[in-house]
Amino acid sequence: MHLLDLEIKNDLDYVGTSFIRTVENVRRIRAFLDGTKVKVITKIETVEAIENLSHILKETDYIMIDRGDLSTGVGLENVIWHQNEILKQCLKNNTSAIIATQILKSMENKSLPYIAEVSDITSAVINGASALMLSEETAIGQFPVESVKILKRVVDTVEQKI
């Protein structure tokens, strides 16, 4: 059984797509999902995806910026620049954007985050991120509940101020 068949059969709301490089990749998924209400989340994690973003945005429901994989293609020093440029395009196209990778990485082993992580969250919200996704912090971290509470507290505070 194809993985997408399983998702459709189980009446899922979203399907996340990895390593999308062109709009044609998204169109193939859309064609497979035709007749369903399943929404497509397109992960942007390659230089080619960034180059084709304007076309990809026309075919997807959501964008997820995977900063970890993206850093290998654009270089660590360029990740946040590209993140902000992607967010601008998403806002312009009315497409929601999710930021992923190392949101509160220090909280895998610590009960409080680094100030730099809080600053990163603040900047992401100010620049238009629709959501921030925790991963290791809640999957293998020692402080999963605290991570979620701190993320919510920071996001709520920023949203009240902007």
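Residues numbered from 1 in each chain as written. Predicted model: local features only at pLDDT ≥ 70, side-chain atom pairs only at ≥ 80, totals over all residues. Heavy atoms only, no water.

**Regarding the nonpolar core**
Working step 1: Ile63, Ile86, Ile121 and Leu132 are the most contacted members of the largest nonpolar core, which has 38 residues in total.
Working step 2: Here Ile121 is in contact with Ile103, Leu104, Leu132, Leu151, Val154 and Val155, once residues within four sequence places are set aside. (Core = buried A, V, L, I, M, F, W, Y, C linked by side-chain atoms within 4.5 Å. Buried < 20%, exposed > 50% of the residue type's maximum accessible area, 1.4 Å probe, protein only. Contact = heavy atoms within 4.5 Å.)

**Here's the deal with helix H2 (residues 23-33)**
Working step 1: Taken as a whole, H2 has its buried residues at Val23, Asn25, Val26, Ile29 and Leu33. Viewed along the axis of H2, the buried residues span an arc of 155°, placing them on a single side of the element. Across from the buried face of H2, at angles greater than 90 degrees, the exposed residues are Arg28 and Ala31.
Working step 2: Two residues or fewer after H2 comes Gly35, characterised by a positive phi angle close to 90°. (Helix = DSSP H or I, 4+ residues; strand = E, 2+ residues; numbered from the N terminus. Arc of directions from axis to C-beta.)

**Some remarks on unusual backbone geometry**
Working step 1: A positive phi is found at Thr101, a non-glycine position, where the angle reads about 95°.
Working step 2: Mapped onto the elements, Thr101 comes out in the loop between strand E4 (96-100) and helix H7 (115-126).

**A look at H7**
Owing to its 3.6 residues per turn, the α-helix aligns residues three or four sequence positions apart on the same side.
Working step 1: For H7, spanning twelve residues, the distance from its first C-alpha to its last is 16 Å, which sits close to the expected 16 Å at 1.5 Å a residue.
Working step 2: Glu117, Asp120, Ile121, Ala124 and Val125 are the residues of H7 that are buried. Viewed along the axis of H7, the buried residues span an arc of 130°, placing them on a single side of the element. Structural note: H7 exposes Ile115, Ala116 and Ile126 on the side pointing more than 90 degrees away from its buried face.
Working step 3: Elements that come into contact with the buried residues of H7 comprise helix H5 (67-74), helix H6 (79-92), E4, strand E5 (131-133) and helix H9 (144-161).
Working step 4: Downstream of H7 by one or two residues, Gly128 has phi in the positive range, about 110°. (Expected span 1.5 Å × (residues − 1).)

**Quick look at the sheet that holds strand E3 (residues 62-66)**
Working step 1: Ordered by their spatial adjacency, five strands build an open sheet running E1-E2-E3-E4-E5, and the pairing between neighbours is parallel. Of all strands in the sheet, those bounded by a partner on one side alone are strand E1 (14-17) and E5. Adjacent strand axes in the sheet meet at a mean angle of 25° when their direction is disregarded.
Working step 2: For E1 and strand E2 (residues 39-44), the ladder comprises four bridges, and the chain directions are parallel. If you follow Thr17 over to E2, its bridge partner there is Thr42.
Working step 3: With respect to the sheet, H2 is in contact with E1 and E2, its orientation differing from that of E2 by roughly 160°. (Pairing = 2+ DSSP bridges. Axes fitted to C-alpha atoms, helices over the stretch in contact; angles between N-to-C directions.)

**Quick word on the pattern of salt bridges**
Working step 1: Inspection of the entire model under this criterion finds ten salt bridges.
Working step 2: Between Lys43 and Asp66 there is a salt bridge, with the nearest N and O atoms lying 3.3 Å from each other. Pair noted here: Lys43 is in strand E2 and Asp66 is in strand E3, with a separation of 23 residues, a long-range link.
Working step 3: Note on Asp66: relative accessible area 9%, which makes it buried.
Working step 4: Note that Glu108 is salt-bridged to Lys105, the shortest N-O span being 2.5 Å.
Working step 5: Using a relative accessible area of 32% as the deciding quantity, one classes Lys105 as partly exposed. (Salt bridge = Lys/Arg side-chain N within 4 Å of Asp/Glu carboxyl O.)

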